[in-house]
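Secondary and tertiary structure notes
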Amino acid sequence: MKTILGIIGSPRKLGNCEIAVKAVSRYIRQPHELKILRISDFDIRPCRGCYTCLFKEGRCVIQDDLPDIWEALFEADALIVAAPTYFLGPNATLKHLLDRGLSLLPHIETLWGKPAVGIGIAGIPGKEGYTLLGIQNFLRFLLTHIKGCEILYGALPGEIFFNKDNETVLSNLASSLFGSALASKSPTCPVCGGDTFRFMGDGRIRCMLCSNPGTFRKEGPVFFDICPGSHEMFLSKESAVKHSEWLKGMKARFLEQKNQLKKITIDYLKDGTWIKPSTREDTGNAEKP
Ligand SMILES: Cc1cc2nc3c(=O)[nH]c(=O)nc-3n(C[C@H](O)[C@H](O)[C@H](O)COP(=O)(O)O)c2cc1C
């Protein structure tokens, strides 16, 4: 039996993200077990940028709940990820977790190509900003195969199902998970399938998902001409391995240039006055003896 991992970006219990993930699971015809995690239930600290995990089979030096999430990810056959829109983008939980993603690079073989679908929830129609891009970014760096990514609107918990069309959207996502990927409704990057672009003038563009540059023409339908670059991160298993090796090479580069780098950084050591967290006052919530 397949194991499907639902990753919930929203801290709100039984909110739209949670019920959307559970609804997709209900529509999936294949027998499966749905395992669900809410990212905010876990103590996940920020990445320290030490790169140690690259050399220790993915073991991060930070002692927190990250291994529980990665274990669930490794064991899953497929993923359903949902995040709410906060301030025109996906809420921070996905990015916060993904920032620890260097520790996934030693596990490319285990992770590569797991089918995944993404759901963004926004409270105001049209005000999802870059939510879908953020979810796609999360899924691509988890090295999944994105089968579909959709936005649904609903502000109050459960409100997404006031609109019956959303049941069809979720049912289509469910069919795509172990079937054919859903066709994009908008023009896409020919390299990665992303549908968000930065327009840089003179017909030049950059895909915001794979970050490759190119040009676009609009003679009838919009046409994007984009080629993969020499340093890709997730477009193929080989490129993910190459990126991982490149990162590991950073250690040798650092050791070679350590003294030169130190001369640059030390000069800035004493500038500015640091603001640090103040010692927290007793809030009066603690139990009195
Ligand atoms: C801090 C915060 C910021 C929000 N910002 C947006 C926004 O920019 N655009 C939008 O459409 N909805 C916004 N919303 C509404 C949520 O996306 C919406 O309520 C959604 O249903 C939440 O999903 P949940 O029920 O899974 O938590 C915001 C909600 C919160 C709490």
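In what follows, the accompanying structure is described. (Residues numbered from 1 in each chain as written. Predicted model: local features only at pLDDT ≥ 70, side-chain atom pairs only at ≥ 80, totals over all residues. Heavy atoms only, no water.)

Structural notes on the overall build of the protein
Regarding its fold elements, the protein presents seven helices and ten strands. Residue burial in the protein is summarised as follows: out of 289 residues, 39% are buried. Summed over its atoms, the accessible surface of the protein is roughly 17300 Å², and 54% of this surface lies on carbon and sulfur atoms. Mean positive and mean negative side-chain charge positions of the protein (37 and 31 charges, respectively) differ by 3 Å. (Helix = DSSP H or I, 4+ residues; strand = E, 2+ residues; numbered from the N terminus. Buried < 20%, exposed > 50% of the residue type's maximum accessible area, 1.4 Å probe, protein only. Areas by Shrake-Rupley, 256 points an atom, 1.4 Å probe, with all protein chains shown as cover. Lys, Arg positive; Asp, Glu negative; His and termini not counted. Charge placed at Lys NZ, Arg CZ, Asp CG, Glu CD.)

Some thoughts on the site of the ligand
Contacts to the ligand come from 17 residues, most closely from Ser10, Asn16, Cys17, Thr85 and Gly154. Note that an oxygen atom of the ligand is positioned 2.8 Å from one of the backbone N or O atoms of cysteine 17. Protein chains bury 78% of the 640 Å² of accessible surface belonging to the ligand in isolation. Contributing elements (two or more residues each) for the shell around the ligand: α1 (16-27), β3 (78-86) and β5 (115-122). For the shell around the ligand, the element with the highest residue contribution is β3, accounting for three residues. Grouping the constituent residues of the shell around the ligand by class yields nine nonpolar, six polar and two charged. (Near = heavy atom within 4 Å. Polar contact = N/O pair within 3.5 Å; in protein donor to acceptor, adjacent residues only side chain to side chain. Nonpolar A, V, L, I, M, F, W, Y, C, P; charged D, E, K, R; others polar.)

Notes on the sheet that holds strand β8 (residues 204-207)
Strands sit in the order β7-β8-β9-β10 across an open sheet of four strands; the sheet is antiparallel. Looking at the sheet topology across the chains shown, the edges are occupied by β7 (197-199) and β10 (222-226). Strand-to-strand twist of the sheet, defined as the mean angle between neighbouring strand axes without regard to direction, takes the value 35°. Relative to β10, strand β9 (residues 213-218) runs antiparallel, the two sharing five bridges. When the sheet's bridge partners are listed, glycine 214 is paired in β10 with isoleucine 226. (Pairing = 2+ DSSP bridges. Axes fitted to C-alpha atoms, helices over the stretch in contact; angles between N-to-C directions.)

What about the environment of alanine 252?
Tracing the chain through its elements places alanine 252 in helix α7 (residues 237-266). With relative accessibility at 45%, the residue alanine 252 sits in the partly exposed group.

Quick word on a nonpolar patch on the surface
Together, Phe254, Leu255, Leu261, Ile264 and Tyr268 make up an exposed nonpolar region whose accessible area comes to about 530 Å². Structurally, the position occupied by leucine 255 is in helix α7. (Patch = residues over 30% accessible without salt bridge, like charges linked within 9 Å, V, L, I, M, F, W, Y side chains within 5 Å. Salt bridge = Lys/Arg side-chain N within 4 Å of Asp/Glu carboxyl O.)

Thoughts on the pairing of strand β2 (residues 32-38)
As judged from the seven bridges shared by strand β1 (residues 2-8) and β2, these two strands associate in the parallel manner. By the bridge assignment, isoleucine 8 is partnered in β2 with arginine 38.

Side note on the pattern of salt bridges
It is possible for side chains bearing opposite charge to pair when their charged atoms get close. Going through the model one piece at a time under the given rule, you end up with ten salt bridges. Aspartate 99 serves as the salt-bridge partner of lysine 95, at 2.6 Å between the closest nitrogen and oxygen. Overall, the relative accessible area of 48% leaves lysine 95 in the partly exposed class. Between glutamate 167 and lysine 164 there is a salt bridge whose closest N-O contact spans 3.3 Å.

Description of α1
The end-to-end C-alpha distance of α1, which contains twelve residues, comes to 16 Å, matching closely the 16 Å that a straight helix rising 1.5 Å per residue would cover. Summarising burial for α1: nine of the twelve residues are buried, a large majority. If you check which residues of α1 are buried, you get Asn16, Cys17, Glu18, Ile19, Ala20, Val21, Ala23, Val24 and Ser25. Elements that come into contact with the buried residues of α1 comprise β1, β2, β3, β5 and α6 (165-177). (Expected span 1.5 Å × (residues − 1). Contact = heavy atoms within 4.5 Å.)

Brief notes about unusual backbone geometry
With a phi angle near 65°, leucine 143 is a residue other than glycine that sits in the positive phi range. Residue leucine 143 is classed as buried on the basis of its relative accessible area, which comes to 5%. If you check the backbone angles, serine 211 has positive phi at about 70° while not being a glycine. Here serine 211 is to be found in the loop between β8 and β9. Assessed through its relative accessible area of 42%, serine 211 is described here as partly exposed.

Digging into the nonpolar core
Ranked by size, the top nonpolar core spans 44 residues in total, and within it Ile7, Trp70, Leu73, Leu79, Val81, Phe138 and Cys207 carry the most contacts. Those residues in contact with leucine 73, other than ones at most four positions away along the chain, are Leu5, Leu79, Leu104, Leu111, Lys114 and Leu142. (Core = buried A, V, L, I, M, F, W, Y, C linked by side-chain atoms within 4.5 Å.)

Brief notes about the environment of arginine 12
For arginine 12, the location among the structural elements is in the loop between β1 and α1. Look past the residues within four positions of arginine 12 in its chain and what remains in contact with it is Glu18, Arg38, Ala155, Leu156 and Pro157.

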